[in-house]
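# Coordinate analysis (summary)
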Amino acid sequence: QVQLVESGGGLVQAGGSLSLSCTASGSVTGIIAMAWYRQELGKQRELVARVSRGGRKEYAASVNGRFTISGGGANVLNTVSLQMNSLKPEDTAVYYCNAYFVLGAPRDYWGQGTQVTISS
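In short, a report on the structure. (Residues numbered from 1 in each chain as written. Predicted model: local features only at pLDDT ≥ 70, side-chain atom pairs only at ≥ 80, totals over all residues. Heavy atoms only, no water.)

### Observations regarding the state of the cysteines
Per the counting criterion, the structure on display carries one disulfide. Here Cys22 connects covalently by a disulfide to Cys97, the sulfurs 2.1 Å from one another. A torsion of -85 degrees about the S-S bond marks the disulfide between Cys22 and Cys97 as left-handed. With Cys22 in strand S3 (residues 18–26) and Cys97 in strand S9 (residues 93–101), this residue pair connects regions lying 75 residues apart in the sequence. Owing to a relative accessible area of 1%, Cys22 belongs among the buried residues under this scheme. Classification of Cys97 as buried rests on a relative accessible area of 0%. (Disulfide = S-S within 2.5 Å. Helix = DSSP H or I, 4+ residues; strand = E, 2+ residues; numbered from the N terminus. Buried < 20%, exposed > 50% of the residue type's maximum accessible area, 1.4 Å probe, protein only.)

What follows is the structure, given as structure tokens:
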């Protein structure tokens, strides 16, 4: 079992910056990747950025060059942060922390979500 606690988010004007953080607890040795997803009202949840335990990073095309994901932990991957710069109104969404866990049957764990609102 893994628990994810998110912090950050809020309201900022277009062009501004925000950061999100997420900390995992529980069986963190089973986590091989952590990510941020976002979901706009009435739309499907989409991947924003992902970092693997080996340090590999990937970004959605819509945020590449503006967002930076970082992962950390002492010999494990149990924290992930997302620095969001040059924010646009279309970045407005609920952002969810995700951990991909592979001990036993692989599964995803999710945080509770945090609202990010960008005003124009």
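### Considering the side chain of Arg66
When you line up the elements, Arg66 lands in the loop between strand S6 (57–59) and strand S7 (67–72). A polar contact of 2.8 Å, which involves the side chain of Arg66, links it to the side chain of Asp91. If near-sequence neighbours (up to four positions away) are discounted, Arg66 is found in contact with Gln83, Met84, Asn85, Ser86, Leu87, Lys88 and Asp91. (Polar contact = N/O pair within 3.5 Å; in protein donor to acceptor, adjacent residues only side chain to side chain. Contact = heavy atoms within 4.5 Å.)

### Here we look at the nonpolar core
Of all hydrophobic cores here, the largest spans 32 residues; its most connected members are Leu4, Ile31, Met34, Trp36, Leu82, Met84 and Tyr95. When residues of this core are traced back to their parent elements, those giving at least two are strand S1 (2–8), S3, strand S4 (31–39), strand S5 (46–52), S7, strand S8 (79–84), S9 and strand S11 (114–119). The leading source of residues in this core is S9, at five residues. What Leu82 contacts, discounting residues up to four positions off in sequence, is Leu18, Ser19, Leu20, Trp36, Val48, Ala49, Phe67, Thr68, Ile69 and Tyr95. (Core = buried A, V, L, I, M, F, W, Y, C linked by side-chain atoms within 4.5 Å.)

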